[in-house]
Structure formats: C-alpha cells, structure tokens
Amino acid sequence: MENTYSKFAYVYDKLMDNIPYDEWTSYLTGILRRNGINDGIVAELGCGTGNITERLAKEGYDMIGIDNSPEMLDIAQQKKDETGSSTLYICQDMREFELYGTVRAVVSLCDSINYILEEEDLLQVFKLVNNYLDPKGLFIFDFNSLHYYRDIVADNTIAEDRDETSFIWDNYFDEESRINELSLALFIKETNDDDNIYRKYSELHLQRAYTLEEIKHLIELSGMEFVADFNAFTDDPSDERSERIYVIAREHGKKPE
C-alpha cells in the first residue's frame, strides 16, 4: 500500500468538510460503550488527519493514531496541539504496525481497509490487530462494499469547483480484479498570488472491493471471532444494498503462528 495522500493531505479537510465526523464518532462510541469499552487505550488504523482520533480522545479514550502518510500526520499533530490531547501519532504501514502493548480496541474507519489490495496483506493486518488486542478486545472497522464500487461509483466522475481548491475524481472499476482506480486531479491556488494561478497535482488511489463473506473468512483465519455487521450508521444488518458496512470482531484467544 503506497502512500497515496501527499499533496491531497493539505486540502483533505477542506474537501471532506461534508463528512459528519461528530455523528460518525457518536456511532462508533455507541458501539464501544455497548460493549463495555468506556475508556482505556484505543488504536486507530488509517487515522489520516485525526478527525476521528481527536474526537475519540475528547470522549475520554487514550488514543493512538496510526497512518502511513507523514503529511496527514503533520496535520493530525496540529489538531492535537490545538486540543491539548495526549494522542500518540505513529507513522506506520498498517500491514506492519507495532504497538508497545495491548489495547482495549482497534478501530479503522473511512474505508481504510479497502486500500489493502491483497487478501494475504489484509489477513496480516487482522493478525496484527488480534495480537495487540486485550483479551476479548474489539476490532471495529468499516469498508466500502462491492455494490458501492461496481454500481455506484464505477466509471463515474466526481468534480467540485471551489475558490481555492477544485478537484476532478475519475473512477474505473475492474470486475475481474475488483480494484477501483481513483484518478485524482487537484487544482490548488498558489498562496500569496494575486493573479489567480492554480497549480495542478495528480494522484492515483487504488482500492479493492471485498465481500462480507471474504472479510468474515479472514477474521476467522486471523484468530479473531466475528461478532456482527451493520449497514453503516444503523443497527440493521448489512445487505446487498449496503454501500458502507461496519464490522465488529473480537479477540478470543491468541493462536500460535
């Protein structure tokens, strides 16, 4: 998984300002608390610029934010400094992440899981999560469904024009590999420029569509126990129309390698 968030990191929050992070955090904390996790150490994989991480810290969790983009973590660190939280941010690839000890829960949101393109790599992520969870600790994550990539965004272009930053996001979904290519063109206004000059930057994001059955199988192979799946932001089980699916898995005894 390459570091795809370079220049995009610096405009990410501006372009994603339509995401209701407060509501997403409330939904996540509801799951945690229903399962008896009201405090303690929680690690977030693919934390990005810390939007969820810092909100969870405000809810009383001791947060560890893990991401492989130094640029995204620079912005997350700025938010930490502003809030005065004790969040620890670590620049690591989630396929190789290391912690100093176990944690009560690991969370991963904003379809970070879909950036893992190979099943064996995703299995490695799940094994590491299992290794670093407290006994009966929870792993809560979301992922974009096959339906989302194949039927919603495939071969579509998403564009938005703003005063200081605009983007064109072209999607191409390959049925055989189930890889979605997101070709991103950013147009960012040069700072301190009175002539309205915009510089173009290009990035390529690759995501893989997984089925829920594949996810369940990998959870079992990793040594964790599958607990539940939900249509995102509801208490209803996911179905063929779900675009984003939440999954809960539980540590239930480490398996030897």
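These numbers were taken from a predicted model, which means no experiment stands behind them.

Asker: Where do I start with the sheet that holds strand 5 (residues 133-144) in this structure?
Answerer: Adjacent strands of a sheet form backbone hydrogen bonds with each other and so pair up, either parallel or antiparallel. Pairing is mixed in the open sheet, where 7 strands are placed in the order 3-2-1-4-5-11-10. For this open sheet the edge positions go to strand 3 (88-91) and strand 10 (224-231), each flanked by a neighbour on one side alone. Pairs of neighbouring strands in the sheet enclose a mean axial angle of 20 degrees, with direction left out of account. Here strand 5 pairs with strand 11 (residues 244-251) via 7 bridges, running antiparallel. Residue pairing in the sheet places F143 in a bridge with I245 of strand 11. Contacting strand 2 (61-67) and strand 3, helix 4 (residues 70-83) crosses the sheet at an angle of about 170 degrees to strand 3.

Asker: Is there a simple way to think about the sheet that holds strand 7 (residues 165-174) in this case?
Answerer: Spatial ordering of the open sheet is given by 6-7-8-9, a layout of 4 strands whose pairing is antiparallel. Unpaired on one side and paired on the other, strand 6 (157-160) and strand 9 (198-208) mark the two borders of the sheet. Averaged over all pairs of adjacent strands, the angle between strand axes in this sheet comes to 10 degrees, irrespective of strand direction. Summarising the sheet, strand 7 and strand 8 (residues 179-189) pair through 10 bridges and their orientation is antiparallel. From the neighbouring strand, T165 faces strand 8, where its bridge partner is I188. Helix-sheet contacts for helix 6 (residues 146-153) involve strand 7, strand 8 and strand 9, and the interaxial angle to strand 7 is about 110 degrees.

Asker: What am I meant to see in the confidence of the model for the protein here?
Answerer: Interpreting fine coordinate detail is not advised for predicted regions of low pLDDT. Per-residue confidence for the protein gives a mean pLDDT of 90, with 90% of residues at or over 70. Taken together, the stretch residues 1-6 has pLDDT below 50 and engages in 24 contacts with residues farther than four places along the chain or on a different chain.

Asker: Got a minute to help me understand the packing of aromatic side chains in this structure?
Answerer: The description of an aromatic ring pair rests on the distance of the ring centres and on the angle between the ring planes. For the structure on display, the rule yields 12 aromatic pairs. With centroids separated by 6.2 Å and ring planes inclined at 70 degrees, the aromatic side chains of Y21 and W24 adopt a geometry described as edge-to-face. Here Y21 and its partner W24 are both found in helix 2 (residues 21-34), 3 residues apart, which amounts to about one turn of the helix. Accessibility classification places Y21 together with W24 in one group, the buried group.

Asker: Would you take a moment to explain helix 4 for this structure?
Answerer: An α-helical segment advances 3.6 residues per turn. Residues three or four places apart therefore align on the same side. An ideal rise of 1.5 Å per residue puts 20 Å on 14 residues; helix 4 measures up with 20 Å between its terminal C-alpha atoms. Listed as buried for helix 4 are E71, M72, L73, I75, A76, K79 and K80.

Asker: Sorry, what's going on with the nonpolar core here?
Answerer: Across soluble globular proteins, you tend to see nonpolar side chains buried next to one another. Counting 32 residues, the largest nonpolar core has L122, F126, V129, F139, F141 and I215 as its most contacted members. Every element with two or more residues in this core is listed here: strand 1 (40-45), strand 2, strand 4 (103-108), helix 5 (119-132), strand 5, helix 7 (212-222) and strand 11. Of all the elements, helix 5 adds the most residues to this core, at 7 residues. Apart from residues lying up to four places away in sequence, L122 is in contact with I113, I116, Y210, I215 and L218. V107, L109, L138 and I140 belong to the second-largest nonpolar core, a separate cluster that totals 24 residues.

Conventions we followed
- Each residue is numbered by its place in its chain's sequence as written, counting from 1.
- For a predicted model such as this one, the threshold for reporting local features is a pLDDT of at least 70, and the threshold for listing and counting side-chain atom pairs is 80 or more; totals across whole chains, interfaces and linings nevertheless cover every residue.
- For side-chain calculations, the full set of non-hydrogen atoms in the structure is used, while hydrogens and water are omitted.
- One bridge is not enough; two strands pair if DSSP finds at least two bridges between them.
- Secondary structure elements follow DSSP: runs of H or I no shorter than four residues count as helices, runs of E no shorter than two count as strands, and numbering proceeds from the N terminus.
- Whenever a helix is involved, its axis is fitted only over the stretch in contact; in every case the axis is a line through C-alpha atoms, and angles between N-to-C directions fall within 0 to 180 degrees.
- Two residues qualify as a contact provided that any one of their heavy atoms is within 4.5 Å of a heavy atom in the partner residue.
- The pLDDT value tells you how sure the predictor is about a given residue, anywhere from 0 up to 100.
- Centres within 6.5 Å are what make two rings of Phe, Tyr or Trp a pair, Trp counting through its six-membered ring; a difference in plane orientation under 30 degrees is then read as stacked, over 60 as edge-to-face, and the rest as tilted.
- The cut-offs for exposure are 20% and 50% of the maximum accessible area for each residue type, with area from a 1.4 Å probe on protein chains only; residues under the lower value are buried, those over the upper are exposed, and the others partly exposed.
- Every helix has an expected span of 1.5 Å times one less than the residues it contains.
- In these notes, a set of buried Ala, Val, Leu, Ile, Met, Phe, Trp, Tyr and Cys residues joined through side-chain atoms within 4.5 Å is what counts as a nonpolar core.

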